[in-house]
Amino acid sequence: MADILDYVAWRGDLDFIQSPLNEVDALIFSQLSYLNFKGIVKDSFDFDRITLADCCEKFFNSDDYESRSNVGMLINRKTLDLLKACGNSRRFGLVRVCGFVEKIDYENEEQFSAVTFTFRAKGSKSWNFIAYRGTDDTIVGWKEDFNLGYMETVPAQKDAVIYLETVAKYCKGRLVSGGHSKGGNLALYAGANVCDKVKKRLVWIFNNDGPGFRKEFFESDNYKSISQKERSFVPQLSVIGMLFSHSDCLTTVESGEKNMLMQHDPFSWHVLGTSFVTCTQTGRESRLVDKAVNEWVSELSMEEREMFVETIFTVLSDSKARTNSELSENLFESVARMLKSASKLSPNTKNAVSKTVHLLVKSLIDANFSTN
């Protein structure tokens, strides 16, 4: 079955005037946001914007290509192939790229990155796709994901709002936002919380298997004002997209991966024409995870949720690793340190933390096998 790379090969000769933006394009832009464009794409939105074709050439010919191409173990290295395919295509090659920002703040537990793709489309002078990066290889990025379970707002969400309003200020034309994983959450949050003037310019918001929110978010007038623009997709066996509360307008996509956690990878999603291959509902295992995890979380007070998250990442920090790749490289040593740290906890907390750490370690092992 075809994937997003096959889509570029098949659709790459048609520009966005001939064939309008679709959900597959949105996932491609979202996936490209995982790449390190620092020094290639400006952080400004002036008219001197680089084309994706030139961006691709500079990326692969840069002096620091080895470090730049180190995408981390949790991000499929096919993303490099995707950049090359897009840069060499008519559809994506002439797309202009601007506004690349990247921020990792360990003290404030924030991982944030975004980039904007601008292109001409039928019936409008220009369209601007704001792509928010999902959770990367850093442990602080995963900590911020867990913080979504108890904090009203995390730092990356605040930056996502500022970024969207900045794009709206400097970029004319229609706005579309999206992201994969936490990037989808950021796109939805930003769309709901920008001013009304910007909301009117937003055409769609694409959320690709992004973690949810506190249930109060979906009850707010801010969310209701953009709910019709939401386009949310999850794979059959979604874990990330089932975390916390989420909207009812989920489209389930067929994945070629059998492993539940690996279905989060966009390269495993099946594509047919200009759309995803869809299923009638999420898989039984995914619904069980949704029910078990979210029912358990909903029974905890905000203080208990915070304590649980802090405890897990205190245990993880004892591994001395700052990225999942480092955690994986010294897996046995890291697990030994984490277990020693967890042994000091109360029985109930120790059990919950141990199960969570076990799930993380299993995902790291599965990810290693899938890339070797």
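Cut-offs applied
- Residues numbered from 1 in each chain as written.
- Predicted model: local features only at pLDDT ≥ 70, side-chain atom pairs only at ≥ 80, totals over all residues.
- Heavy atoms only, no water.
- Buried < 20%, exposed > 50% of the residue type's maximum accessible area, 1.4 Å probe, protein only.
- Helix = DSSP H or I, 4+ residues; strand = E, 2+ residues; numbered from the N terminus.
- Pairing = 2+ DSSP bridges.
- Polar contact = N/O pair within 3.5 Å; in protein donor to acceptor, adjacent residues only side chain to side chain.
- Salt bridge = Lys/Arg side-chain N within 4 Å of Asp/Glu carboxyl O.
- Contact = heavy atoms within 4.5 Å.
- Phe/Tyr/Trp six-rings, centres within 6.5 Å; stacked < 30°, edge-to-face > 60°.
- Lys NZ or Arg CZ within 6 Å of the ring centre and 35° of its normal.
- Expected span 1.5 Å × (residues − 1).
- Axes fitted to C-alpha atoms, helices over the stretch in contact; angles between N-to-C directions.
- Parallel < 35°, antiparallel > 145°, perpendicular 65-115°, else oblique.
- Left-handed = near helix turned anticlockwise from the far one by under 90°.
- Nonpolar A, V, L, I, M, F, W, Y, C, P; charged D, E, K, R; others polar.

Peer 1: Please set out helix 2 (residues 23-32) residue by residue, giving values where relevant.
Peer 2: Taking burial as the measure, the ten residues of helix 2 include ten buried ones, the bulk of the element. All of the buried residues along helix 2 are E23, V24, D25, A26, L27, I28, F29, S30, Q31 and L32.

Peer 1: Give me the pairing of strand 7 (residues 230-235): which residues, what numbers.
Peer 2: By the criterion of burial, strand 7 is predominantly enclosed, with five of the six residues buried. Here strand 6 (residues 202-208) pairs with strand 7 via four bridges, running parallel. Pairing of I205 across the sheet is with E230, part of strand 7. Pairing between strand 7 and strand 8 (residues 250-253): four bridges, direction parallel. The residue of strand 8 that forms the bridge with V234 is T252.

Peer 1: Tell me about the side chain of E230, and name the residues and values.
Peer 2: Here E230 shows up in strand 7. Among the polar contacts made by the side chain of E230, one reaches the side chain of S247 at a distance of 2.8 Å.

Peer 1: Would you mind going over the pattern of salt bridges in detail, with residue names and values included?
Peer 2: Scanning all chains against the criterion turns up eight salt bridges. Between D15 and R90 there is a salt bridge, with the nearest N and O atoms lying 3.4 Å from each other. Taken as a pair, D15 in the loop between helix 1 (4-11) and helix 2 and R90 in helix 6 (residues 90-93) lie far apart in primary sequence, 75 residues in all. Looking at R90, the relative accessible area reads 46%, which means it is partly exposed. For K103, the salt bridge is made with D159, and the minimal N-O distance between the two is 3.2 Å.

Peer 1: Before we move on, could you go through the side chain of T153 and cite the residues and values that matter?
Peer 2: By the secondary structure assignment, T153 is in the loop between helix 7 (139-147) and helix 8 (155-170). In terms of polar contacts, T153 uses its side chain to reach the side chain of Y189, at 3.3 Å. Apart from residues no more than four positions distant in its own chain, T153 is found in contact with K158 and Y189.

Peer 1: A description of the packing of aromatic side chains should follow, citing residues and the corresponding values.
Peer 2: Enumeration according to the criterion identifies 29 aromatic pairs in this entry. Arranged with centres 5.7 Å apart and planes meeting at 80°, the rings of W269 and F276 form a pair that is edge-to-face. Look at W269 and you get buried, because its relative accessible area is 0%. Overall, F276 belongs to the buried group, its relative accessible area being 6%. Aromatic ring contacts, followed pair by pair, group F16, F29, F92, F117, F119, W127, F129, W204 and F206 into a single cluster. Looking at R91, its charged tip hangs above the ring of F16, at a distance of 4.0 Å from the centre.

Peer 1: Summarise helix 9 (residues 182-193); cite the residues concerned and give the values.
Peer 2: Relative to the 16 Å expected for twelve residues at 1.5 Å per residue, helix 9 spans 16 Å between its end C-alpha atoms, a close match to the ideal helical length. Buried residues dominate helix 9, accounting for eleven of its twelve residues. Listing the buried residues of helix 9 in full gives K182, G183, G184, N185, L186, A187, L188, Y189, A190, G191 and A192.

Peer 1: Before we move on, could you go through unusual backbone geometry and cite the residues and values that matter?
Peer 2: Unlike most non-glycine residues, S181 shows phi in positive territory, near 60°. Locating S181 in the fold gives a position in the loop between strand 5 (174-180) and helix 9. We classify S181 as buried; its relative accessible area is 1%. The phi angle at D209 is positive, at roughly 55°, despite the residue not being glycine. Tracing the backbone through its elements, the reader meets D209 in the loop between strand 6 and helix 11 (215-219).

Peer 1: Which residues make up the packing of helix 2 against helix 5 (residues 78-87), and what values do they have?
Peer 2: Direction vectors running N to C along helix 2 and helix 5 enclose 120°, while the axes themselves pass 10 Å from each other. Our classification of the angle between helix 2 and helix 5 gives oblique. Taken as a pair, helix 2 and helix 5 cross one another with a handedness that is left-handed. Across from I28, Q31 and L32 in helix 2, the residues of helix 5 making contact are T79, L82, L83 and C86. Here the contact of helix 2 with helix 5 is composed, by residue class, of five nonpolar, two polar and no charged.

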